[in-house]
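# Inside the fold
These are the residues of each chain, in order.
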Amino acid sequence: MDLLPDLWRQDYWLPPGVTWKDMQQLDDADRPRPRDLLIALPLALGFVAMRYVFERFVAPPMGRCLGVKNRLLVTAAPSPKLESFYTQRSRQPTQSEIVGLMLSSGKTQRQIETWFRLRRNQDRPCQTKKFGEAAWRFVFYLSAFIAGLFCLIDRSWFWDHRECWRDYPVQRMERAHYWYYMLELGFYGSLLLRISVDIKRKDFKEQVIHHLATIFLLSFSYCANYIRIGTLVMLLHDSSDILLESAKMFNYGTGWRKTCDTLFIVFAVVFLVTRLVIFPSKIIHTTLVLSMEVFEPFAGYYFFNVLLMVLQALHIFWAGLILRMVYKFLNGRLEKDERSDEESEVEEEEEDKGGDVDQEGECYWEKSKDTLNSKLSMLTNSCVLNNLTNHRSSASDRMRKAQ
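Counting restarts for each chain, with residues numbered from 1 along the sequence as it is written. Only residues with pLDDT of 70 or above have their local features reported here, since the model is predicted, and side-chain atom pairs are shown and tallied only from 80 upward, although totals for entire chains, interfaces and linings are computed over all residues. Only hydrogens and water are removed before side-chain values are computed, so all heavy atoms of the structure are retained for them.

## Some points on the overall build of the protein chain
Condition: Under the scheme used here, helices are H or I runs from DSSP no shorter than 4 residues and strands are E runs no shorter than 2 residues, and both carry numbers assigned from the N terminus. Note on exposure labels: buried denotes an accessible area under 20% of the residue type's maximum, exposed denotes more than 50%, and partly exposed covers the range between, all computed with a 1.4 Å probe on protein chains only. Any two residues having at least one pair of non-hydrogen atoms within 4.5 Å are treated as being in contact. The method behind every accessible area is Shrake-Rupley, applied with a 1.4 Å probe, and residues are considered shielded solely by the protein chains displayed.
Of the regular secondary structure elements, the protein chain holds 15 helices and zero strands. When the 403 residues of the protein chain are sorted by exposure, 46% land in the buried category. For the protein chain, long-range pairs separated by at least 24 residues make up 78% of all intrachain contacts whose partners lie at least 6 apart in sequence. Counting only carbon and sulfur atoms, one obtains 61% of the accessible surface of the protein chain, whose full area is about 21,400 Å².

Structure follows, in structure tokens:
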């Protein structure tokens, strides 16, 4: 019972020498209050509903304009034994497991590998679903960036970051910044609510950490009246997210390769500059160093900066993926997002495509290596089965002779 009162101890949230009574100098409408955060939940549910309507009625016409088409999939032939193995054990059987399936199902290794490839393809998300998710995020990030820029461009702290700490924490909160905060918080809350049904990508765990860190960062910075620096953080992040989602949208379309490549290059430059240069040199430097010109460190100061460090670590992780994509792009081998959906694992083709990149965007030498390993394994398994067959045949002959 004493935990909740301890949570709101002023030395956790306010600099030394500042009390909650000092914050009451501001009118209720001009100062952040923790209970204001409760509006984020209905906003998150509202965003979920809006997204459903958008992906159902708005995204499909947009996709048709860009030529988004679903792949023509060949369904796997019904096979109870293979289906049971696929759903209960593994989507990608090992070579030893394939041998067991060959004996139990009466199929060849080639037939089993083809069946599992087709079955995995059936579970892959369609292009229209991926386009709808990207289009929704693009619309929000673009709207949020324009709105954020509009309400910040003429503020003193936008140009001089020392102004973020003038008279802190007794700083008047403007209603535009209040709604900027709540809408961003509601949006990331909606992403967290939908993360279990959205397309799972390779950085799924990092995405969960990112959403949680963002929600904690927004919530804490609001309660501690870090609103000025918080608005700059949101604006900075939205700037590159717009380009990322727009590049994905054109990538899912047909005939937009040059546009997609251009947007990707611009996104890579903007991301690396904003997340690896501006964010640590301006934002983190402002919170770590410049804020100390106004007040002494306190618990909230350390907590806020730790959350910023978590975001920076994620920036470095994603920068590594982007640089890999840039490398492939410069070598003419870029076909997919390094954060591609989890279902889009490398699928070995039954026919040689004769190109440098397979349909999932992997380098040709990697595919050739996997194909070679597969053929060697097939040869080995064939020898094992032939030996087994010959052994059985020899045993039968001996039994006939004995009779």
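Now that the structure has been shown, we can carry on.
## Examining the packing of aromatic side chains
Filter applied, for reference: Only Phe, Tyr and Trp rings are paired, with Trp represented by its six-membered ring, and only when their centres lie within 6.5 Å; those with planes under 30 degrees apart are stacked, over 60 edge-to-face, the remainder tilted.
Evaluated as defined, the whole model comprises 31 aromatic pairs. Centroid distance F220 to F303: 5.1 Å. Interplanar angle 75 degrees. Geometry classified as edge-to-face. Taken together, the positions of F220 in helix α11 (residues 204-223) and F303 in helix α14 (residues 299-330) put the pair 83 residues apart, joining distant regions of the chain. With relative accessibility at 8%, the residue F220 sits in the buried group.

## Comments concerning the side chain of R155
With respect to the helices, strands and loops of the structure, R155 is situated in the loop between α8 (127-152) and α9 (156-159). Leaving out residues up to four positions away in the same chain, R155 has contacts with E174 and H177.

## Some remarks on empty space enclosed by the protein
Counted only if it meets this: Only protein atoms enter the 1 Å grid used here, on which a cavity is any set of points holding a 1.4 Å probe that cannot leave and a pocket is any open set flanked by protein within 12 Å on both sides along at least five of seven lines; residues with an atom within 4 Å of a point are listed as lining. Grid points are joined across faces, edges and corners, and a volume is the space filled by probe spheres set on the points. In the scheme used here, Gly and all other residues not listed as nonpolar or charged are polar, with Ala, Val, Leu, Ile, Met, Phe, Trp, Tyr, Cys and Pro taken as nonpolar and Asp, Glu, Lys and Arg as charged.
Evaluated as defined, the whole model comprises one cavity of 30 Å³ or more. Of the pockets and cavities examined, the largest cavity occupies roughly 130 Å³. Taken together, 15 residues make up the lining of the largest cavity; nearest its centre are T214, L218, V233, M234 and H237. Taken together, the elements giving at least two residues each to the lining of the largest cavity come down to α10 (175-194), α11, α12 (227-252) and α14. Classifying every residue of the lining of the largest cavity gives eight nonpolar, five polar and two charged.

## Considering the side chain of Q312
Under the convention used in this document: Polar contact is the term for a pair of N or O atoms within 3.5 Å; when the atoms are in protein, one must be able to donate a hydrogen and the other to accept it, and sequence-neighboring residues count only if both atoms are side-chain atoms.
Tracing the chain through its elements places Q312 in helix α14. For Q312, a relative accessible area of 11% translates into the label buried. Here the side chain of Q312 touches R275 through a polar contact of 3.4 Å, landing on its backbone oxygen. In contact with Q312, not counting residues within four places along its chain, are R275, L276, F279, P280 and I284.

## Quick word on the environment of R228
By secondary structure assignment, the location of R228 is in helix α12. Sequence spacing of R228 and H177 is 51 residues, and the spatial spacing of their C-alpha atoms is 8.5 Å. Setting aside residues no more than four positions away along its own chain, R228 makes contact with W157, E163, C164, R166 and Q171.

## Regarding helix α4 (residues 40-65)
Inclusion rule: Note on bend: at a given residue it equals the angle between the axes fitted to the 7 residues ending there and to the 7 starting there.
The sharpest bend along α4 measures roughly 45 degrees and falls at A59, with the proline P60 sitting one to four residues further on. Within the sequence span of α4, burial applies to A40, A44, F47, R51, F54, A59 and G63. Close packing links the buried residues of α4 with α8 and α10. Looking at the residues trailing α4, positive phi occurs at G67, about 75 degrees.

## Describing unusual backbone geometry
The amide bond that connects Y168 to the next residue, P169, takes the cis arrangement and shows omega of 0 degrees. Of note in this structure, D167 is not a glycine but carries a positive phi near 65 degrees. Inspection of the secondary structure puts D167 in the loop between α9 and α10. Among the residues examined, D167 registers a relative accessible area of 56% and is labelled exposed.

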